Amino acid sequence: MNSSPISPENLAAAELASLLHFYADSGVEWLLEDAPVDRIAVFAEQKASHAAAARQQPHAATATAARQAPAADPSATPLLRSSAPAAAVAVPDADAVAAARFAADGARSLDELKTALEAFNGCNLKHGARSTVFASGDPTTGIMVIGPMPSADDDRDGLPFSGRQGQLLDRMLAAIGLSRQGVLLTNVVPWRPPGNRIPSPAEIEICRPFIERQVTLVEPRLLLLLGNFTARFFLESETSIFGLRGQWRDLSIGGRSIPALASLHPQDLLTAPANKALVWQDLLLFRQALLN
């Protein structure tokens, strides 16, 4: 059996791309070193050195530690220093929210809003995401379908509702005579959180001006809210999606009242196919509103 370690030089281009995608999906966000460093061995060596120094007389401790310290390796020293990236300057949450509101309110079209969102650096989620996932589809149809946040597929493709979730959404829309080209697809949060975690309250408030401005600019006549996070965000409720779905509610956004219907996210159906019956009921309600 070949036990030689895997290195980029031994991989074909397709294999290397697959490995990088695996790292990204696993939450790896920084590749800092050209060669591997055995951190366990380094820690053990440092621990033994400190223990030996502590056994010496206090007045000799510093000298002993200096004698036992290994000679500096010019090629290794930068690697140890670069084990953590330089921290970005932190922006207070209130300032970041105000900056987001200013950037969003200044946009007079979806194209301007996309440009403002791509230039905005006040949310930590952006620094760990591969893509800024903006809306896609037709904003003139008056129908918006809003999900929670980008998945790994969305982040990789730069489009909302990609991958298996997107394929299932396509079938859901087709069942009521719609398509992704005939609606506007978007997410509450435009950047994928590391490890698909739920965004923090501060991160949510920083993203709020951008999604609210999207809705204001599009002026939809109907909103379809998919998933627990999305429904709670817009309906301002702690009730689960199973208590919020299947009921029309009027949302006040941008000075307009917009009918909104909450339902389960396609991922909920992939996880528990039995939920399809509930979603079908919601889609029938949505289709009825489309025909009115």
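An account of the accompanying structure is given in this report.

Scoring rules and cut-offs
- Residues numbered from 1 in each chain as written.
- Predicted model: local features only at pLDDT ≥ 70, side-chain atom pairs only at ≥ 80, totals over all residues.
- Heavy atoms only, no water.
- Salt bridge = Lys/Arg side-chain N within 4 Å of Asp/Glu carboxyl O.
- Helix = DSSP H or I, 4+ residues; strand = E, 2+ residues; numbered from the N terminus.
- Buried < 20%, exposed > 50% of the residue type's maximum accessible area, 1.4 Å probe, protein only.
- Phe/Tyr/Trp six-rings, centres within 6.5 Å; stacked < 30°, edge-to-face > 60°.
- Contact = heavy atoms within 4.5 Å.
- Polar contact = N/O pair within 3.5 Å; in protein donor to acceptor, adjacent residues only side chain to side chain.
- Lys, Arg positive; Asp, Glu negative; His and termini not counted.
- Pairing = 2+ DSSP bridges.
- Axes fitted to C-alpha atoms, helices over the stretch in contact; angles between N-to-C directions.

Our next topic: the pattern of salt bridges. If you walk through the whole model with that rule in mind, you get 8 salt bridges. Glu212 is the partner of Arg101 in a salt bridge, and the nearest nitrogen-oxygen pair spans 3.5 Å. Taken as a pair, Arg101 in helix H5 (residues 93–105) and Glu212 in helix H10 (residues 201–218) lie far apart in primary sequence, 111 residues in all. Look at Glu212 and you get partly exposed, because its relative accessible area is 22%. As a salt-bridge pair, Asp170 and Arg180 come within 2.8 Å of each other at their nearest N and O atoms. With Asp170 in helix H9 (residues 163–174) and Arg180 in the loop between H9 and strand S3 (184–187), this residue pair connects regions lying 10 residues apart in the sequence. What makes Asp170 partly exposed here is its relative accessible area of 32%.

This part is about the packing of aromatic side chains. For any two aromatic rings, the description comes down to two numbers: the centre-to-centre distance and the angle of the planes. A complete count under the given rule lists 4 aromatic pairs for this structure. Between Phe229 and Phe233, the aromatic rings sit 6.5 Å apart at their centres with planes inclined by 20°, giving stacked as the arrangement. Of this pair, Phe229 and Phe233 are both found in helix H11 (residues 228–235), 4 residues apart, which corresponds to roughly one turn of the helix. No difference in accessibility class separates Phe229 from Phe233, as the two residues are buried. Centroid distance Trp248 to Phe286: 5.8 Å. Interplanar angle 20°. Geometry classified as stacked. On the criterion of sequence distance, the pair formed by Trp248 in strand S5 (residues 248–253) and Phe286 in helix H14 (residues 276–291) is long-range, its members being 38 residues apart. Feature note: the residues Phe229, Phe233 and Phe234 constitute an aromatic cluster, connected by ring pairs.

With that settled, consider the environment of Lys126. Note on placement: Lys126 falls in helix H7 (residues 124–128). Residue class for Lys126 comes out buried when judged on its relative accessible area of 14%. Between the C-alpha atom of Lys126 and that of Trp191, which follows or precedes it by 65 residues, the distance is 5.6 Å. If we skip the residues at most four places from it in the chain, Lys126 touches Leu117, Glu118, Ala119, Phe120, Asn121, Thr132 and Trp191. A distance of 3.4 Å separates the side chain of Lys126 from the side chain of Asn121, its partner in a polar contact.

Another point: the side chain of Asp154. Mapping Asp154 onto the fold places it in helix H8 (residues 152–157). Nearest to the buried, unbridged Asp154 among oppositely charged side chains is Arg180, at 7.4 Å. Among all residues touching Asp154, those that are not within four sequence positions of it are Val133, Met149, Leu159, Pro160, Phe161, Ser162 and Asn187.

Ordered by their spatial adjacency, 6 strands build an open sheet running S1-S3-S2-S4-S6-S5, and the pairing between neighbours is mixed. Each having just a single partner strand, strand S1 (136–137) and S5 make up the two edges of the open sheet. Note: strand S2 (residues 143–147) against S3, 4 bridges, orientation parallel. Bridge pairing in S3 places Ile146 opposite Thr186. Its contacts with the sheet put H10 on S2, S3, S5 and strand S6 (256–263), and the angle it makes with S2 is roughly 170°.

To continue, consider the environment of Arg256. Here Arg256 is to be found in strand S6. In the structure, Arg256 is positioned 35 residues away from Arg221 in sequence and 9.8 Å away in space, judged by C-alpha atoms. Once residues within four sequence positions are removed from consideration, Arg256 is found in contact with Glu219, Pro220 and Leu251. Looking at Arg256, its side chain comes within polar contact range of the main-chain oxygen of Pro220, at 3.3 Å.

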